[in-house]
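Here are the chains, one letter per residue:
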Amino acid sequence: MEDEAFTDINGKAISLDCQSHSGFCREFTVSSPKVSVGKVMVYTCCVWLLAYTVFFFTENTAVLSGAILVTLLGMMLHIHFVKVDHESLLVIGSLGIQMSSSYASGRETTKFIEMSKIKDIVINEAIYMHQIIYYLCVLLKDPSEPDAVSSVVPLFQSSKPRLNCLVKVYKSCQEILSKC
C-alpha cells in the first residue's frame, strides 16, 4: 500500500492511495482535504453580517430568518451534492472497472463498466478556462463497429489530479489490461 501526496489542477493537495488486491485487481483512491470549518465560519459570518446590516436599516426580521435559512440550506446542498471527499477506481482484469465517489455527507455514487465494453484507458487533454489539463478516461467500444469508440467516460472528475498522478494510475491500469 502506497500513499503519496499530489496536487490537483488548482494546486490544492490531494493524495493517491494504491492498493493491489491481486495481480488482476487494483484500487486507486484519490482523496481531497475535508471541508474547512474556518472557511465555513467565514462565509457564514459574512452572509449573516450582510443580513444584519440590511435588517438594521429595514428593521425587517424576515431578512435575518432568510439569511439563516439560505446559509444552512446552502451548506447542506454543498456537502451533499458538491463536496467529494474521495473518488476511487477499482480495476478488475477479467470483470471490469468500478468508479465510486464519496461525498462529505456520506452519500456515495458508483458506476460499473464491464470489461467487454472497454476499448482502452487513456490520458486525454482538454482546454479548461485558460489552461490545458489532462484527465484519465475510459474509451468505450461501439457495439456496431468494434474498432470505433462510442463514448468517453472521464475518471476522477471532482478531484482533477495533475498529470504525474494520472500517469501512475494509467501505467497500473495498462498493466492489468495487458494481462487480460
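Just so you know, these numbers come straight off a predicted model, no measurement behind them.

Asker: How would you sum up the environment of Asp-8? Please name residues and give values.
Answerer: Relative to the helices and strands, Asp-8 resides in the loop between strand E1 (2-7) and strand E2 (13-22). C-alpha separation for the pair Asp-8 and Pro-161, spaced 153 residues apart in sequence, amounts to 4.2 Å. Leaving out residues up to four positions away in the same chain, Asp-8 has contacts with Ile-14, Ser-159, Lys-160, Pro-161 and Arg-162. In this structure the side chain of Asp-8 is engaged in a polar contact, spanning 3.0 Å, whose partner is the backbone nitrogen of Asn-10. In this structure the side chain of Asp-8 is engaged in a polar contact, spanning 2.8 Å, whose partner is the backbone nitrogen of Lys-12.

Asker: Explain the pairing of strand E8 (residues 131-141) to me, using residue names and the numbers behind them.
Answerer: Two elements, strand E7 (residues 118-128) and E8, share 10 bridges in a ladder whose sense is antiparallel. Bridge pairing links Ile-123 to Leu-136 in E8. Once E7 ends, the chain turns through two residues before running back antiparallel as E8, passing Met-129 with a positive phi of about 60°. Sheet topology note: the E8/strand E9 (residues 149-154) ladder contains five bridges and is antiparallel. Within E9, the residue paired with Val-138 across the bridge is Val-153.

Asker: Which residues make up the state of the cysteines, and what are the values?
Answerer: All chains considered together, the criterion is met by zero disulfides. Residue Cys-165 stays outside any disulfide, its sulfur separated by 7.6 Å from that of Cys-18, the closest cysteine.

Cut-offs and rules
- Residues numbered from 1 in each chain as written.
- Predicted model: local features only at pLDDT ≥ 70, side-chain atom pairs only at ≥ 80, totals over all residues.
- Heavy atoms only, no water.
- Helix = DSSP H or I, 4+ residues; strand = E, 2+ residues; numbered from the N terminus.
- Contact = heavy atoms within 4.5 Å.
- Polar contact = N/O pair within 3.5 Å; in protein donor to acceptor, adjacent residues only side chain to side chain.
- Pairing = 2+ DSSP bridges.
- Disulfide = S-S within 2.5 Å.

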